[in-house]
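Next come the chains, spelled out residue by residue.
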Amino acid sequence: MRSQRRDDLNADILEGHYSSALCHLANVSYRLGESTSFNPRTRAFGDNRDATDALERMEGHLSTGNNLQLNGLTCRVGRKLEIDARTESITGNEEANRLLFRQYRAPFVVPERVG
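Structure report, in brief. (Residues numbered from 1 in each chain as written. Predicted model: local features only at pLDDT ≥ 70, side-chain atom pairs only at ≥ 80, totals over all residues. Heavy atoms only, no water.)

### Here we look at the layout of surface pockets
- In this structure, the largest pocket spans a volume of roughly 840 Å³.
- Around the largest pocket sit 23 residues that line it, and Ala21, His24, Glu88, Leu100 and Phe101 are the ones nearest its centre.
- Elements with a minimum of two residues in the lining of the largest pocket: helix H1 (13-32) and strand S4 (89-90).
- Take the lining of the largest pocket: its biggest share by element is ten residues, from H1. (1 Å grid on protein atoms, 1.4 Å probe; cavity = no way out; pocket = protein on both sides within 12 Å on 5 of 7 lines; lining within 4 Å. Points joined across faces, edges and corners; volume = space filled by probe spheres on them. Helix = DSSP H or I, 4+ residues; strand = E, 2+ residues; numbered from the N terminus.)

### Overview of unusual backbone geometry
- Following Ala106, the chain continues to Pro107 via a peptide bond in cis, the omega torsion being 0°.
- At Asn67, a residue that is not glycine, the phi angle is positive and equals roughly 55°.
- For Asn67, the location among the structural elements is in the loop between helix H2 (49-65) and strand S2 (74-77).
- Even without a glycine there, the phi angle at Glu88 is positive, about 50°.

### Section: the pattern of salt bridges
- Inspection of the entire model under this criterion finds five salt bridges.
- Between Glu95 and Arg79 there is a salt bridge, with the nearest N and O atoms lying 3.2 Å from each other. Of this pair, Glu95 sits in helix H3 (residues 94-98) while Arg79 sits in the loop between S2 and strand S3 (83-84); the two residues are 16 residues apart in sequence, bridging distant segments of the chain.
- Among the charged side chains, a salt-bridge network with shared partners connects Arg49, Asp53 and Glu56. (Salt bridge = Lys/Arg side-chain N within 4 Å of Asp/Glu carboxyl O.)

### Some words on the side chain of Asn93
- Looking at where Asn93 falls in the secondary structure, it is placed in the loop between S4 and H3.
- Look at Asn93 and you get buried, because its relative accessible area is 13%.
- Among all residues touching Asn93, those that are not within four sequence positions of it are Leu32, Arg79 and Leu81. (Buried < 20%, exposed > 50% of the residue type's maximum accessible area, 1.4 Å probe, protein only. Contact = heavy atoms within 4.5 Å.)

### Describing the nonpolar core
- The biggest cluster of nonpolar side chains holds six residues, and these are Leu25, Val28, Leu32, Leu81, Ile90 and Ala96.
- Per-element tally for this core: the top contributor is H1, with three residues.
- Contacts of Ile90, omitting those with residues within four sequence positions, involve Leu25, Val28, Leu81, Glu82, Ile83, Ala96, Asn97 and Leu100.
- Phe38, Leu55, Cys75 and Val77 belong to the second-largest nonpolar core, a separate cluster that totals five residues. (Core = buried A, V, L, I, M, F, W, Y, C linked by side-chain atoms within 4.5 Å.)

### Remarks on the pairing of S2
- What you see with S2 is a clean split: Cys75 and Val77 sit on the buried side and Thr74 and Arg76 on the side with no burial.
- As paired elements, strand S1 (residues 34-37) and S2 share four bridges and run antiparallel to each other. By the bridge assignment, Ser37 is partnered in S2 with Thr74. (Pairing = 2+ DSSP bridges.)

Have a look at this one:
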């Protein structure tokens, strides 16, 4: 960035944006999530079979592979977010949208548009 030469970048700017945006969205989901018992059979993920399968694999790895006792433990299940890629906002969830930005205090204000 300092050289202002695109060839000096380690990754495409848009790819970097997507990578950081996914991390921010995961953080928003986590913050709005709820704690539940660590048990895939609680249906914490509803009908999302992929998420349930991933939790079951993790449970197997932790309990069988590492001899951890999972009974009585809780985990945090993030809230499901629907993303509008065009507007880069969360559809139908104002609480989540508010977490996408922070309230800055002067003089450390980031402008809406830079250019």
